[in-house]
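# Architecture and fold: a report
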Amino acid sequence: MQSIGKLVHVYVDGGGCMRDNRKVTQIALFIILTVITLVYFKVITDTNNKKFYTAELGYIDLSNEDINKNIIFLSGEWEFYPKEFKLSGFDKQSYIQVPKPWNDYLYNDLNLGHYSYGTYRLKIKVPQKGLYCFRIITISSAYKFFVNGKELYANGLVGTSAKNEVACWKEGIIPFYTESEDVEIVIQVSNFHYSRGGITRSIILGDPQAINNSASGDIIKSGIMIGIFAGIGFYLLLLYRIRERKYTYLYLGLFCISSVILEAVLNCNFIYGLFNDIPFDLISKLEFSSFICQLIALQWFIKSTYPKEYNDSWFRLINIINFIYLSLSVLTPNDIVNYNDIIYISILIANYIMGTLMLIKSFLKKKKYSLLLLVGSFMMVFTTIIDVLYVYTRFTQNNYTFGILFFLVCQIYVISEEVIDAFESSSEAKNMEIAYLQAQIAPHFFFNTLNNIYCLMDESLPKAKNLILSFCDFLRVKHKFDYRKNIFYSLKEEIDLIKAFVEIENVRCNGFIDLIIEIEEEYLTTLIPQLIIQPIIENSIKHGLKTRPIKITVSAIRNISSLTIAVSDDGEGMAKNMTGKVLDEKRFSSGVGLKNVNYRLMKCFKTKLNIVSELSQGTKVYFEIPMEV
Amino acid sequence: MKVVVVDNEINALDYLVKILSSYEDVVIEKAFADSVEAMVYLLKNPCEMLFLDIEMPIINGIYLAEQIISLYPQTKICFVTAYNDFAVKAFEINAVDYILKPFTKSRISDCIKKMEGSKPNDCTINSLSNSFKYELEIICGYNDEEEIVLINYNEIIYIGMDGRKVLIRTKNNKYAGNKPLNFYEEKLKKSSFFRAHKSYIVNLQKIEKFSPKISYNYDLYFKDIRDTIPLSRSKVKELKDFFDS
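For the structure given in this document, a descriptive report is provided here. (Residues numbered from 1 in each chain as written. Chains lettered and ligands numbered in written order. Predicted model: local features only at pLDDT ≥ 70, side-chain atom pairs only at ≥ 80, totals over all residues. Heavy atoms only, no water.)

## A few points about the overall build of chain B
Applied cut-off: Each helix is a run of DSSP H or I of at least 4 residues and each strand a run of E of at least 2, with the numbering of both proceeding from the N terminus. Accessibility here uses a 1.4 Å probe with only protein chains present; expressed as a share of the type maximum, an area under 20% marks a residue as buried, one over 50% as exposed, and anything in between as partly exposed. Throughout, a contact is declared for two residues whenever any of their heavy atoms are within 4.5 Å. Every accessible area reported is derived by Shrake-Rupley at a probe size of 1.4 Å, with residue values counting cover from the shown protein chains alone.
Helix and strand counts for chain B come out as eight helices and 15 strands. The 245 residues of chain B split such that 54% are buried. Taking the contacts inside chain B whose residues are at least 6 apart along the sequence as the reference set, 58% of them involve residues at least 24 apart. Carbon and sulfur atoms make up 48% of the accessible area of chain B, which amounts to about 11,200 Å² in all.

Here's what the structure looks like:
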């Protein structure tokens, strides 16, 4: 049940309110980032169901282990026979660390180097006979896997030179059944395709079900990441299409797409699942070119975000390096550039140092959002460092992906803020346009005044002359008015303008308007925005003046810290004139003038128009301007 | 020829009267600066020729012309306007005569000549009135004796469809309207009237309350009369917002 009061209070809605939801979005961002980080650390430090066993002299005793419950990581000293593929006659007692590349392994007093081949051997004791399963994530570049002398699995084709080796990085899930508790693992490995040879990741042993779960868990993880990157990437490219010349979106979008490819390639299961017989060389090329594309996109992104902070010559330098690497990695055979760890790690480091330096520089200059971007990229650098060092850590690989995700969430936040700002500023521009239209003289007023002058000329030349003078006074101020600026002048000037305006109107309206100014001398010097009272007077005349004379009073009352300027009339009143605040905006077409005044008051003083009106009693419009105490 | 002149700007009115009175065959019966007075007079007293300003408060010149024409179709009307881009275009299309202010004497001569020969067409004025954007504060209605009455928007409680007729409800009376409901919705002071239902527009000032019915529809109650009219479900929120603010 509703009832209506007689007295109506109207607050004209302001157009340029500050955004008050920024705090909320910041908190939301913080929560999202925290959750991502927590999940990440939970995942990488999750030792639940994971046990790391270190072999001594090629032997691990698992007889007391609950294999059904835990997944076992087999590392430590494995027997190693360099430059030999053998299955029996294991005599020589030489050992190698697993997981670790064999590059530094001393063979005949020389480093074995990355391109080589050899046989690994490990003896384990399982708790009882039964069904077990191995999981081999990758061994570069090809291997044959034997358990108790039986070949169970082969990845690629092992060989003694690059010519007769066929490389493959498929993941191996190898179930086997053992009758005895002693199990002998023999892995023949050859590497003529990659800069790090040998078993570089722990071999995993466990219950078949558990192994399958952990493997599919990894695929799901990667699938989610690919999905997120692809989603964000396409969203950004779409944004770029909509907002032409906003290259930031394009670069970040390309960064995402490169990340999608990289993630798909790094987790080989993914790409092999899609294209079963994709050549190994192609995968490698994809991996390295997407990696470098990612870095290029990153550099361009930073450059386009902070164009002034990013030194041009440095940018050129890093670009030249990146593009040379890109062209080399695409055009030359893989083993020249791509398989060279040192080149790609140094390029990575150079890119990161450059990017981070630029972000720090922008941060020091207090550029918008630079802290957030810095945190995001710090996380990316941090995870990459972990990844580069993965050989020496127990962390699972692909922390990199997490870093990228973290970075992207920060970016997306920044971009969303920008998009919102853009929307706001476009609506602001619209308000400005309204203000502009308003500032123009209503053509009707213009023509009527001219017509009045024309008609008066015959009858009374002095009257016509006076009207011309008043009209000139009025035009002078109106034409000086620039809607883009808030030009201030003294209250006195505005009052003079109003007087001229009312004089003109009085000629047209038979002298029906009685203007009373109740402002003390001392306030006449107060600075106010141009044409802030005149539209109110205009509105009063337009809506208040009907058939009887109208009295309009302009007054200024000093409060403690402000001056209240009020325009009151005894005209028709606006009754239930809800200024179109509730009923749609279009309904209140005649209130554009007041809206404009209100908008400018908001901009200049953060105050607004108040309207009190009662039918056939009149209307009072007032606003405050701050004054020094 | 009996002529009536209406222009709310006193100088323009005087000037036009002065020029018109210089013609021998023109007799200026009345000159009005007030559109309402003019309307009251013209409804009772037919004239041959009418010079009308368009932009006038309370009753727009076009509405005035439309009502007069419907009553006295023989009246010849010439609009006098200072500036209205849209109006000028509309007149050109509809071939109703119009004069742009300021004007010369020879322009008036042309106009009088042209009007003497022409036949007014109330269709053109009707279509002008419908397509033209303006606000009215007084509308015409017919009482039971089929007489035209002027009704101020303040008096109107609601306007609704009664069968195929438009009904204008005031506190003490019911009048028949001669324009479709959409016309009133568009032209009556926009801030005051609200389309509450397919067949009703209500004066927001006059609403006492609205309350839901069992059928999820609402009824509107008014302050001064006991009529209730339906409120569309889709309009309830708008109305609530209006009263809550």
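## As for the sheet that holds strand E2 (residues 27-32) of chain B
Paired through backbone hydrogen bonds, the strands of a sheet run either parallel or antiparallel to each other. All names here are of chain B. This is how the line gets drawn: A pair of strands is labelled paired if DSSP reports no fewer than 2 bridges between them. Angular values range over 0 to 180 degrees, each being the angle between N-to-C directions of two axes fitted as lines to C-alpha atoms, with helices fitted over their stretch in contact.
The strand order across the open sheet formed by five strands is E2-E1-E3-E4-E5, and the pairing between neighbours is parallel. The open sheet has two edge strands, E2 and strand E5 (98-100), and neither has a second partner. In this sheet, adjacent strand axes meet at a mean angle of 20 degrees when their direction is disregarded. Taken together, the five bridges between strand E3 (residues 49-53) and strand E4 (residues 76-81) define a ladder with parallel strand orientation.

## Description of the pattern of salt bridges
What counts is decided by this rule: Take a side-chain nitrogen of Lys or Arg and a carboxyl oxygen of Asp or Glu: if they are within 4 Å of each other, that pair is a salt bridge.
In total, this model carries 19 salt bridges over all chains according to the counting rule given. The partner of Glu66 of chain B in a salt bridge is Lys179 of chain B, with the nearest N and O atoms 2.1 Å apart. Here the residue Glu66 of chain B occupies a position in helix H3 (residues 61-71), and Lys179 of chain B occupies one in the loop between strand E10 (174-176) and helix H7 (181-187), the gap between them amounting to 113 residues. Counted as one network, the salt bridges with shared partners bring together Glu79, Arg121 and Glu184 of chain A.

## A short note on the sheet that holds strand E13 (residues 207-212) of chain B
All names here are of chain B. Judged by pairing direction, the sheet is antiparallel, and its three strands sit side by side in the order E13-E14-E15 without closing on themselves. Both outer strands of the open sheet, E13 and strand E15 (228-231), are each paired with one neighbouring strand and no more. When the angles between neighbouring strand axes are averaged without regard to direction, this sheet yields 30 degrees. In this sheet, strand E14 (residues 218-222) lies alongside E13 in antiparallel orientation, the contact comprising five bridges. Opposite Phe210, over in E14, you have Leu220 as the bridge partner.

## Details of the nonpolar core
Note the cut-off: To define a nonpolar core, start from buried Ala, Val, Leu, Ile, Met, Phe, Trp, Tyr and Cys residues and group those joined through side-chain atoms within 4.5 Å. Each domain's extent is set by a domain assignment, obtained either automatically or from a database.
Among the nonpolar cores identified, the biggest contains 76 residues, and Leu236, Leu252, Phe255, Phe291, Ile292, Tyr352 and Leu408 of chain A are the most heavily contacted of them. If one sorts the elements of this core by residue count, helix H9 (residues 399-439) of chain A sits on top with 14 residues. Looking at which domains feed residues into this core, each of domain 1 (50-206) and domain 2 (219-424) of chain A supplies at least three. The residues contacting Leu236 of chain A, other than those within four sequence positions of it, are Tyr249, Leu252, Gly253, Cys256, Ile412 and Ile415 of chain A. Core analysis: the next-biggest nonpolar cluster, separate from the first, contains 50 residues, Val6, Phe32, Ala38 and Cys47 of chain B among them.

## Thoughts on the pairing of strand E8 (residues 158-162) of chain B
Residue and element names in this part refer to chain B. Judged from the five bridges that link them, E8 and strand E9 (residues 165-169) form a sheet pairing that is antiparallel. Following the sheet pairing, Met161 is matched in E9 by Val166. Hairpin connection, E8 to E9: the antiparallel pair is bridged by two residues, and Gly163 has positive phi, about 65 degrees. Both E8 and strand E12 (residues 200-203) contribute to a ladder of three bridges, which runs antiparallel. When the bridges of E12 are listed, Ile159 appears paired with Ile201.

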